[in-house]
Amino acid sequence: MVLDFGTGFSDGSDYYDSSVSPRGVNGAGDLFEFDLLPQIPGLYSEGALQNTDVEYVAPEFDAVVLSHYHSDHAGRIGYIDPTIPVYCGETTSLIHEAYSSSTGSPLRGHPIRKFRTGDKFTIGPMEFHPIHVDHSIPGAYGFVIHTSGGTMAYTGDFRFHGPAGSMTRDFVDQARREGTGLLLTEGTRVRPVDDAANMSETAVRKDAVKMVKGTKALVFSTFRGNDVDRVNTFFDACQETGRRLVVSMKVAALLEKLKADRGLRVPRVGKDVDVYLRRKKTGKFDDSDYYAWERPFIAKGLSARDIRKGQGEVFLHLEAWNFPELIDIKPDRGGTYIHAATEAFNEEGEREETVIRNWVEHVGFRYAQLHASGHAPGTEVGELVRGISAKKVVPIHTEYPELFRRFDRERSWVLEPPVRGEAVSMDS
Ligand SMILES: [Zn+2]
Ligand SMILES: [Zn+2]
């Protein structure tokens, strides 16, 4: 069984970046070269291994269990043998379906086994209890896993300061109640100094309202379209300020799909939010210029010209790769740009930020940073660890596993930072 299978933190950025990419034809080989994927027999598909030195053997894994649909958890599942089923939450399976018909999904071809909170499923000798957690994408889960050697828990990615923070508390309570002995926890923001402002989603909405009220011209913003909390935050800010939220076709297609999830609040495409209509191919908005999944949005779409005409009434979601659309929109100077994403934390991020700032300056807009993280700050990770009170804690998804010692002044549990290629035992 594999628990999440995504891209690494730095994702091989020493060897690959936006200008140098692994070759598709070499499957997993270009990633094996730099140890960016482990060479595990019986895991990968024939296609992933066809041009590598690693020989294909029939699957020796019975499942991939996926906590949520972010690429650092799901992004490498495409290399795994497609006969191995993927267990994921119902919402994750809807996101997968939406992306399968638009830009593609790493889960494609795998049998999908869906679960919800309260379900139980067994994989070999292990019994899984999935429990929802709050994170920056809907359908995120942690797991309590009962094994013959004892009970362990895996947090997935989590936060307490989002709109559904109580779900993460449910996870902590249940993991404690079920007697978790070994805890695998993320610690993205467990850092020597956590200087990111700990904004809640509510605070993002309040600040966005202020910014929009103070702007007469266009407002445009970069944020992750699958962060449905953020879509709702800006939709609410638009309601309060009399603007229309305009999203890309990819986001529109996702929102349409997520309507099927009764547990989610999702704005309605065409009623609550509008869709931006990009020029493609002939540039004349012909049906044949667009993919089949895009065509339903053409008739109601707003073009660059429509946006320019109503620029004072629009809040436009525009990812950085779509910034050239601003050349067509030709917005009046004096608008506001909201960077509703993580601030740059490495060189590549800083270069991207410079490009964004240059565009914002070029159109004569004000640059604003406004973001609530998908991850709990270090202090709250400490609260989770103490709340579950496992005997052994294995920090993963963190650059500073040793810093977890600061959460255990009484030395009441064992800290075991993972070592590549070495097993972790249940006993302390
Ligand atoms: Zn995540
Ligand atoms: Zn993650």
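Residues numbered from 1 in each chain as written. Chains lettered and ligands numbered in written order. Predicted model: local features only at pLDDT ≥ 70, side-chain atom pairs only at ≥ 80, totals over all residues. Heavy atoms only, no water.

Novice: Please explain the overall build of the protein chain as it appears in this structure.
Specialist: Looking only at helices and strands, the protein chain features 12 helices and 17 strands. In summary, the protein chain has a C-alpha radius of gyration of 23 Å against a globular reference of 22 Å for 428 residues, a match within 12%. In terms of overall dimensions, the protein chain has C-alpha extents of about 65 × 50 × 40 Å along its principal axes. Expressed as a percentage of the 428 residues in the protein chain, the buried residues total 52%. Once local pairs closer than 6 in sequence are excluded, the contacts in the protein chain between residues at least 24 apart make up 71%. Element-wise, carbon and sulfur atoms account for 47% of the exposed surface of the protein chain, whose accessible area totals about 20400 Å². Put simply, the protein chain has 52 plus and 62 minus side-chain charges, and the middle of one group is 8 Å from the middle of the other. (Helix = DSSP H or I, 4+ residues; strand = E, 2+ residues; numbered from the N terminus. Rg over C-alpha atoms; globule rule 2.2 N^0.38 Å. Buried < 20%, exposed > 50% of the residue type's maximum accessible area, 1.4 Å probe, protein only. Contact = heavy atoms within 4.5 Å. Areas by Shrake-Rupley, 256 points an atom, 1.4 Å probe, with all protein chains shown as cover. Lys, Arg positive; Asp, Glu negative; His and termini not counted. Charge placed at Lys NZ, Arg CZ, Asp CG, Glu CD.)

Novice: Which parts of the structure should I look at to understand helix 7 (residues 228-241)?
Specialist: Its 14 residues place the ends of helix 7 20 Å apart at the C-alpha level, agreeing with the 20 Å of an ideal helix rising 1.5 Å per residue. Of the residues making up helix 7, those classed as buried are Val 228, Arg 230, Val 231, Asn 232, Thr 233, Phe 234, Phe 235, Ala 237 and Cys 238. The positive-phi residue at the C-terminal boundary of helix 7 is Gly 242, with phi of around 70°. (Expected span 1.5 Å × (residues − 1).)

Novice: Honestly, the side chain of Gln 311 in this entry has me stumped. Any pointers?
Specialist: Within the element layout of this structure, Gln 311 appears in the loop between helix 9 (304-309) and strand 13 (314-317). Taking relative accessible area as the criterion, Gln 311 reaches 8% and is therefore assigned buried. Not counting residues up to four positions away in its chain, the partners in contact with Gln 311 are Ala 217, Leu 218, Arg 243, Pro 331 and Asp 332.

Novice: Teacher, can you tell me more about the sheet that holds strand 9 (residues 182-186) here?
Specialist: Each strand in a sheet pairs with its neighbour through backbone hydrogen bonds, running either in the same direction (parallel) or in the opposite one (antiparallel). Taking strand neighbours across the sheet as the criterion, the 7 strands line up as 5-6-7-8-9-16-17 in an open arrangement whose pairing is mixed. The sheet is open, and its two borders are formed by strand 5 (121-123) and strand 17 (414-415), each paired with just one other strand. One ladder, built from 3 bridges, connects strand 8 (residues 150-154) with strand 9; its direction is parallel. Along strand 9, the bridge assignment pairs Tyr 154 with Leu 184. (Pairing = 2+ DSSP bridges.)

Novice: Help me out: how do you make sense of unusual backbone geometry in this one?
Specialist: In terms of backbone geometry, most residues other than glycine have negative phi values and most peptide bonds are trans. Unlike most non-glycine residues, Asp 35 shows phi in positive territory, near 60°. If you trace the backbone, Asp 35 turns up in the loop between helix 1 (29-32) and helix 2 (46-49). One non-glycine residue with positive phi stands out, namely His 397, at about 55°. You can see His 397 is positioned in the loop between strand 16 (392-396) and strand 17.

Novice: Honestly, the coordination of the zinc ion (ligand 1) in this entry has me stumped. Any pointers?
Specialist: In an ideal tetrahedron of four donors about a metal, each angle is 109.5 degrees. In an ideal octahedron of six donors, the angles are 90 or 180 degrees. Distances from the zinc ion (ligand 1) to its protein donors, His 68 (NE2), His 70 (ND1), His 135 (NE2) and Asp 157 (OD), fall within 2.1 to 2.4 Å. Viewed at the metal, the 4 donor atoms of the zinc ion (ligand 1) are separated by angles of 89 to 167°, and the geometry they form is irregular. (Donors = N, O, S within 2.8 Å, 3.2 Å for Na, K, Ca; no water. Tetrahedral: all angles 85-135°; square planar, octahedral: opposite > 155°, others 65-115°.)

Novice: I tried to follow the packing of helix 6 (residues 201-213) against helix 7 on my own but got confused; where do I start?
Specialist: Between helix 6 and helix 7, the shortest axis-to-axis distance is 9 Å and the interhelical angle comes to 40°. Between helix 6 and helix 7, the angle falls in the class oblique. Pair helix 6 / helix 7 crosses with right-handed handedness. Residues Glu 201, Val 204, Arg 205, Ala 208, Val 209, Val 212 and Lys 213 of helix 6 pack against Asp 229, Arg 230, Thr 233, Phe 234, Asp 236, Ala 237, Glu 240 and Thr 241 of helix 7. A per-class count over the contact of helix 6 with helix 7 returns 6 nonpolar, 2 polar and 7 charged. (Axes fitted to C-alpha atoms, helices over the stretch in contact; angles between N-to-C directions. Parallel < 35°, antiparallel > 145°, perpendicular 65-115°, else oblique. Left-handed = near helix turned anticlockwise from the far one by under 90°. Nonpolar A, V, L, I, M, F, W, Y, C, P; charged D, E, K, R; others polar.)

Novice: Just checking my understanding: could you explain the packing of helix 5 (residues 165-177) against helix 12 (residues 378-388) for this structure?
Specialist: When two helices pack together, you describe them by how their axes are tilted relative to each other and by the distance separating the axes. For the pair helix 5 and helix 12, interaxial distance at closest approach is 8 Å and the crossing angle is 30°. Comparing their axes, helix 12 and helix 5 come out roughly parallel. On helix 12, the residues touching Phe 171, Val 172, Ala 175 and Arg 176 of helix 5 are Leu 384, Arg 386, Gly 387 and Ile 388. Of the residues belonging to the contact of helix 5 with helix 12, the class tally is 5 nonpolar, 1 polar and 2 charged.

Novice: Would you take a moment to explain the sheet that holds strand 3 (residues 86-89) for this structure?
Specialist: Read from one edge to the other, the open sheet built from 4 strands follows the order 1-2-3-4, with strand pairing classed as parallel. Both edges of this open sheet fall to strand 1 (2-3) and strand 4 (112-115), since each of them pairs with a single strand only. Judged from the 2 bridges that link them, strand 1 and strand 2 (residues 64-65) form a sheet pairing that is parallel. Among the inter-strand pairings, Val 2 is bridged to a residue of strand 2, identified as Val 64. Against the sheet, helix 4 (residues 90-101) touches strand 3 and strand 4, its axis set at about 105° to strand 3.

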